[in-house]
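Given next are the chains, with one letter for each unit.
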Amino acid sequence: VKKLAKQHTKNAHDINEAAVLGAGIMGGGIAYQAASKGLPIIMKDIKSEQLDLGMGEASKLLGKMVERKKMTPAQMGETLSRIRPTLNYGDFGETDIVIEAVVENPKVKHAVLKEVEGLVKENAILASNTSTISITHLATVLERPENFVGMHFFNPVHRMPLVEVIRGEKSSEEAIATTVALAQRMGKVPVVVNDCPGFLVNRVLFPYFGAFDLLLKQGADFVHVDKVMEKFGWPMGPAYLIDVVGLDTGVHGAEVMAEGFPDRMKPDYKGAIKHLFENNRLGQKNGVGFYKYE
Ligand code: NAD
C-alpha cells in the first residue's frame, strides 16, 4: 500500500493550512490529527457546542500524552493553538484544502460543498470524508470538480492508520497526489481507490452490519454476537462497532449503499439498527445505542 501511495505523490501541491467542516466524531478527530502533526487547521461547525466537544476531545487526548510524559504542557498548548474553532467562514480564503465532514446526507453535503467552493482560492482542494456517497455524484454541483476528491478517514481518527483517497470521475492527478501526500504527512497510510458507493472498506463493512441485523431478527442476542466476534479475534463485535460509528451515520450510509447496490442490500430493511436509530439511540455520541455509556 505504501509503495502504491508513493507513485501518487509526484504532482502534490504544498499544504500550509487546512480546514475541516464539521466538529463531530470525525471532524474533531481530523482536526486533532492535523494539529498533532504540525498542520494549522480551521474547524468549522454550525453549533458552538460541537466546537466545544471537538476541542474538549483534543484536550483530553493531548492531556493523556502529557500524563504519560510524551509531551510537555507547553507542547500541548502549542498543538491546541493550531486548531482554530469557528462558526463562520472568515479565514477560508487562505486554506489549501477543505475536508468536509458534516452529516452523511447528500443534500447537506451538496449545499455545504457548493457554498465553500465559492469562498476558497481557485486551486484549493475540496475533499469529502463521506463514508458511502459517490464522489462523482457529490461533484455534480461543483464548478471545479477536478479539485474534488474523497478523503475517507476511519474512526477513531488518531488510532486508525488507513485513509481511502477516492478518485471521482473528474478528480485531477494533482488533487489525488496532494491528498495522498497530506494523508502521509498526517501519519496515515493512504490507499487510492476508485469511486462507487461505500468505496472499498464500507463495501465490506455494510454487508457485515446487514448480516448482523439479520442474525438479531432471527433471535440472536447482540451481546453474545459481540463476545463471539471478539473471541474470533476481532477487536470488537458489530453492536459495539455500530455504537462507535453512530447509528445515524450507519442508517444513512446503509440507505446510500442500498440505492447503489439494490441487488445486495435491501433499501427498506427495518432491523434493530434502524429501530434504535428511530428511538434516538445514536450510540456513544449521545450515550445510548445497543449499550449504555456513562
Ligand atoms: P457527527 O454527527 O458526529 O458530526 C457531524 C457534524 O457536522 C456535527 O457537529 C454537525 O453540527 C456538523 N454540521 C452539520 N451541518 C453542518 C454545516 N452545514 N457546516 C458545518 N458543520 C455542519 O458525524 P460524524 O460521525 O463525524 O460523520 C461525519 C462524516 O464522516 C459523515 O459523512 C460520515 O459518514 C463520515 N464518517 C463517519 C465515520 C464514523 O465512524 N462516525 C467514519 C468515517 C467517515
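Quick caveat, the model's predicted, so the values are computed rather than measured.

Chemist: Pulling in residues and values, what's your account of the overall build of the protein?
Modeler: Scanning the protein for helices and strands turns up twelve helices and eight strands. Over its C-alpha trace the protein gives a radius of gyration of 19 Å, about what one expects of a compact globule, namely 19 Å for 294 residues. Structurally, the protein occupies a C-alpha span of about 55 × 45 × 40 Å along its principal axes. Here the protein holds 294 residues, and the buried ones make up 49% of them. Long-range pairs, those at least 24 residues apart, make up 68% of the contacts in the protein with a sequence separation of at least 6. Total accessible area on the protein is roughly 14800 Å²; 54% of this is exposed by carbon and sulfur atoms. Charged side chains in the protein number 35 positive and 35 negative. The centres of these two groups are separated by 6 Å.

Chemist: Residues and numbers for the domain arrangement of the protein, please.
Modeler: Split by domain assignment, the protein resolves into domain 1 (2-194) and domain 2 (203-285). Taking only C-alpha atoms into account, the centre of domain 1 sits 26 Å from that of domain 2. Each partner contributes to the interface: domain 1 provides six residues, whereas domain 2 provides nine residues. Both faces combined, the contact of domain 1 with domain 2 buries some 600 Å², and carbon together with sulfur accounts for 72% of it. Summed over the three residues of domain 1 that lose the most area to domain 2, namely I25, E104 and T132, the buried surface amounts to 66% of that side. Where domain 1 touches domain 2, the interface holds one residue pair in polar contact (both at pLDDT 80 or more). Taken together, the residues that form the side of domain 1 that touches domain 2 break down as two nonpolar, three polar and one charged.

Chemist: Explain helix α4 (residues 73-81) to me, and be specific about the residues and the numbers.
Modeler: Every buried residue of α4 is listed here: M76, T79 and L80. Taken end-on, α4 shows its buried residues confined to a sector of 95 degrees, consistent with a single buried face. Those residues of α4 that are exposed and angled more than 90 degrees off the buried face are A74 and S81. On its buried face, α4 is in contact with α2 (25-36), α3 (48-67) and β3 (83-86).

Chemist: Go over the layout of surface pockets with me, naming the residues and quoting the values.
Modeler: To find leftover empty space, a probe the size of one water molecule is rolled over the atoms. Looking at the second largest pocket, its volume works out to about 520 Å³. Contributions of two or more residues to the lining of the second largest pocket are made by α8 (201-217), α11 (247-260) and α12 (272-278). Here the lining of the second largest pocket takes eight residues from α8, the largest share from any one element. Tallied by class, residues from the lining of the second largest pocket come to 15 nonpolar, three polar and six charged.

Chemist: Outline the nonpolar core, supporting the account with residue identities and numerical values.
Modeler: Within the largest apolar cluster, 39 residues are counted, with the highest numbers of intra-cluster contacts made by I30, I99, M151 and F153. Ignoring sequence-local partners within four residues, the contact set of I30 consists of V20, I41, I99, A101, N129, F153, V157 and M186.

Chemist: How would you summarise the packing of aromatic side chains if you had to cite specific residues and measurements?
Modeler: Scanning the entire structure with this criterion turns up ten aromatic pairs. Taking 6.0 Å as the distance between ring centres and 40 degrees as the angle between the ring planes, the aromatic pair formed by Y208 and F209 counts as tilted. Among the aromatic residues, those joined into a ring-pair cluster are F212, F222, Y240, F290, Y291 and Y293. Of note, K44 hangs over the ring of Y89, and the distance from its end group to the ring centre comes to 4.6 Å.

Chemist: Provide a residue-level description of the pairing of strand β8 (residues 189-194), including the pertinent values.
Modeler: In the sheet, strand β7 (residues 162-167) pairs with β8 via six bridges, with the strands oriented parallel. Pairing of E164 across the sheet is with V191, part of β8. Since β7 and β8 lie parallel, the crossover through helix α7 (residues 173-185) that links them has a hand, and here it is right-handed.

Chemist: Talk me through the site of the ligand; I want residue IDs and the actual numbers.
Modeler: Close to the ligand lie 23 residues; D45, Q50, E104, K109 and S131 are nearest. Within the side chain of K109, an N or O atom sits 2.7 Å from an oxygen atom of the ligand. For the ligand, the accessible surface in isolation is 830 Å², of which the surrounding protein chains cover 91%. Those elements giving two or more residues to the shell around the ligand turn out to be α2, α5 (106-117) and β6 (148-153). Taken together, the residues of the shell around the ligand break down into nine nonpolar, nine polar and five charged.

The rules behind the values
Residues numbered from 1 in each chain as written. Predicted model: local features only at pLDDT ≥ 70, side-chain atom pairs only at ≥ 80, totals over all residues. Heavy atoms only, no water. Helix = DSSP H or I, 4+ residues; strand = E, 2+ residues; numbered from the N terminus. Rg over C-alpha atoms; globule rule 2.2 N^0.38 Å. Buried < 20%, exposed > 50% of the residue type's maximum accessible area, 1.4 Å probe, protein only. Contact = heavy atoms within 4.5 Å. Areas by Shrake-Rupley, 256 points an atom, 1.4 Å probe, with all protein chains shown as cover. Lys, Arg positive; Asp, Glu negative; His and termini not counted. Charge placed at Lys NZ, Arg CZ, Asp CG, Glu CD. Domains from an automatic or database assignment. Buried area = accessible area lost by both parts, 1.4 Å probe. Polar contact = N/O pair within 3.5 Å; in protein donor to acceptor, adjacent residues only side chain to side chain. Nonpolar A, V, L, I, M, F, W, Y, C, P; charged D, E, K, R; others polar. Arc of directions from axis to C-beta. 1 Å grid on protein atoms, 1.4 Å probe; cavity = no way out; pocket = protein on both sides within 12 Å on 5 of 7 lines; lining within 4 Å. Points joined across faces, edges and corners; volume = space filled by probe spheres on them. Core = buried A, V, L, I, M, F, W, Y, C linked by side-chain atoms within 4.5 Å. Phe/Tyr/Trp six-rings, centres within 6.5 Å; stacked < 30°, edge-to-face > 60°. Lys NZ or Arg CZ within 6 Å of the ring centre and 35° of its normal. Pairing = 2+ DSSP bridges. Right-handed = clockwise from strand over helix to strand, strands pointing away. Near = heavy atom within 4 Å.

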